[in-house]
Amino acid sequence: MESTQLIYGKPLKEGLAFEIDVKVEEFLDGSLDIDEIEALWRQYPLLVFRRQSLLEEELVRFSSLLGECEAVSRKDILSPYSDKVIYFSTLKYADGRNLGGFAGGEDVDWHSDQTFRPSPSTGAILYGVEVPRDGGDIYWADQYRAYELLLPDVRRKIDGRIGTYRYAKRLGIMNATELKGKFDELSRTPDVFHPVVLDHPLTGKKALYADPTTLVSIDGLTEAENAVILPLLFAAGGDPSAVYRHKVLSGDLMMWDNGCTMHRRDVMTLEQPRLMKRTTFRLPASRYCVPH
Ligand SMILES: [Fe+2]
C-alpha cells in the first residue's frame, strides 16, 4: 500500500521524520485506517502531528491501536486520570510536588527509551500540551543510517553480538532531579542483554541499538576492543547526517520507534510552563525492530 498517497503531509527529513497533516481523531473514528500509518511509520520512524487537541483517553486509545499500551508503576510522574499516561513538566501541584517527571533545565543526552529493561516497549508518543517558547528542542537520530555509517570491519565485529545494558550508567549521566534520592536503589537494577544490531522483520534493514547511556560492553569482544568499538558506535549513533532537529510547538504529537532511533533534548528554560504527556506501547516483533 502506498501510504503517502493516502495520508497528507511532508517529509521533515528523508527516511527519518514526516509531518502528517491529519487529526489523530480520524484514526479513532475509523475515517483513516491504522495500517496506513504503520506503512508510513516504517519509512519514517518519527511521525509528527501538529496542532492536536486530545483527551488522555484518546491518547491512550490511539497508542493502543499501535501496540499494547503500558501501565506505569511510577506514581510520582503518573497522570491523576490515567495509569498509562506520564507527565514531564515544570509545573507543580498546590502542595509543591512536581506535576510530573522533572529533568531540570539541563540537556538530555542521546538515548533510546527503556534499553535498561529486559524487554523494552519500543513505541513512544510524546504530546506537547504546553511547550516552552525557548529551548527544549528535541533531536532524533536514525539508527539505520548510523549502522550504514559504520565501517565494514566494525559492522562485522558487532553483527550478531549481544550487549550489556546497565541502568547505573544512565543514572550517572542523566539529570533527572526526581531520581536523585533513589540513586542507591536504582543503581542496583540488574544488567540486561540485547543484540547491538536489530533486524527489521519486514524490510530486513539493520539498525544500530547502542544506547550511550546504558551500553557498557559487547560480549565476545576484549576489553581493549570494547574501548575502541563503543565510542565508534556512539559517534555514529548521533552523527549529524542522521539527525533531525524538531522545534516542538504546543499541540505537537510525536510518535517514534525506539528500535531504530535515538533522541535527545536541548537545554530549556524553567521560567516558562511545560506540560508533556507520554505513553509507551509494546510494538510486535513480527512487524518492528524489537530487541528480544
Ligand atoms: Fe527518552
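Bear in mind the structure is a predicted one, so any value in this text is a computation, not a measurement. (Residues numbered from 1 in each chain as written. Predicted model: local features only at pLDDT ≥ 70, side-chain atom pairs only at ≥ 80, totals over all residues. Heavy atoms only, no water.)

### Looking at the sheet that holds strand β10 (residues 192-195)
- The three strands are arranged β10-β9-β13 in an open sheet whose pairing can be described as antiparallel. In the strand order of this sheet, the two ends are held by β10 and β13 (215-218), each with one partner. Adjacent strand axes in the sheet meet at a mean angle of 35°, parallel and antiparallel pairs treated alike.
- Where strand β9 (residues 162-165) lies against β10, four bridges are found, and the strand directions are antiparallel. Considered in β10, the bridge of Tyr165 is made with Val192. (Pairing = 2+ DSSP bridges. Helix = DSSP H or I, 4+ residues; strand = E, 2+ residues; numbered from the N terminus. Axes fitted to C-alpha atoms, helices over the stretch in contact; angles between N-to-C directions.)

### Description of the environment of Asp199
- You can see Asp199 is positioned in strand β11 (residues 197-199).
- Asp199 sits in the partly exposed class, given a relative accessible area of 46%.
- Remark: the alpha-carbon pair of Asp199 and Thr280, spanning 81 residues in sequence, is separated by 21 Å.
- Leaving out residues up to four positions away in the same chain, Asp199 has contacts with Lys205, Lys206 and Cys289.
- Side-chain polar atoms of Asp199 contact the side chain of Lys206, separated by 3.1 Å. (Buried < 20%, exposed > 50% of the residue type's maximum accessible area, 1.4 Å probe, protein only. Contact = heavy atoms within 4.5 Å. Polar contact = N/O pair within 3.5 Å; in protein donor to acceptor, adjacent residues only side chain to side chain.)

### Looking at the packing of helix α3 (residues 34-43) against helix α4 (residues 56-66)
- The interhelical angle for the contact between α3 and α4, taken along N-to-C directions, is 70°, at an axis separation of 10 Å. The pairing of α3 with α4 is recorded here as roughly perpendicular in orientation. Of the two elements, α3 crosses α4, and the hand of that crossing is right-handed. Between α3 and α4, the contacting residues are Ile34, Ile37, Glu38 and Trp41 on the first element and Phe62, Leu65 and Leu66 on the second. (Parallel < 35°, antiparallel > 145°, perpendicular 65-115°, else oblique. Left-handed = near helix turned anticlockwise from the far one by under 90°.)

### Description of the sheet that holds strand β8 (residues 138-142)
- Here four strands make up an open sheet; going across it, the order is β6-β16-β8-β14 and the pairing antiparallel. Bordering the open sheet on either side are β6 (108-111) and β14 (243-246), each of which pairs with just one other strand. Recorded for the sheet is a direction-independent mean angle of 15° between the axes of neighbouring strands.
- Pairing geometry for β6 and strand β16 (residues 261-265), over two bridges, is antiparallel. Across the sheet, Val108 pairs through a bridge with Arg265, a residue of β16.

### A look at α3
- In terms of residue burial, α3 counts as a mostly covered element, since seven of its 10 residues are buried.
- Restricting attention to buried positions, one finds in α3 the residues Ile34, Glu36, Ile37, Glu38, Ala39, Leu40 and Trp41.

### Things to note about the nonpolar core
- By size, the foremost hydrophobic cluster in this structure holds 27 residues, and its most contacted members are Ile37, Phe49 and Phe62.
- Where this core is concerned, the elements lending two or more residues are β2 (17-20), α2 (25-28), α3, β3 (46-49), α4, β7 (123-130) and β15 (253-257).
- Ranked by the residues each element gives to this core, the list is headed by α3, at four residues.
- Beyond its immediate sequence surroundings of up to four residues, Ile37 is in contact with Ile7, Ile20, Phe27, Leu47, Phe49, Phe62, Leu66 and Met255.
- In this structure, Leu150, Tyr165, Leu221 and Leu233 belong to the second largest nonpolar core, which totals 25 residues. (Core = buried A, V, L, I, M, F, W, Y, C linked by side-chain atoms within 4.5 Å.)

### Re the environment of Gly104
- You can see Gly104 is positioned in the loop between β5 (86-89) and β6.
- Since its relative accessible area comes to 5%, Gly104 is described here as buried.
- Once the C-alpha coordinates of Gly104 and Leu270 are considered, the two residues, 166 residues apart in sequence, prove to be 7.5 Å apart.

### Thoughts on unusual backbone geometry
- The backbone of Arg51 shows a phi angle near 50°, a positive value even though the residue is not glycine.
- By secondary structure assignment, the location of Arg51 is in the loop between β3 and α4.
- One non-glycine residue, Gln114, adopts positive backbone phi at about 65°.
- Using a relative accessible area of 6% as the deciding quantity, one classes Gln114 as buried.

Any functional reading would require information beyond the geometric quantities listed.
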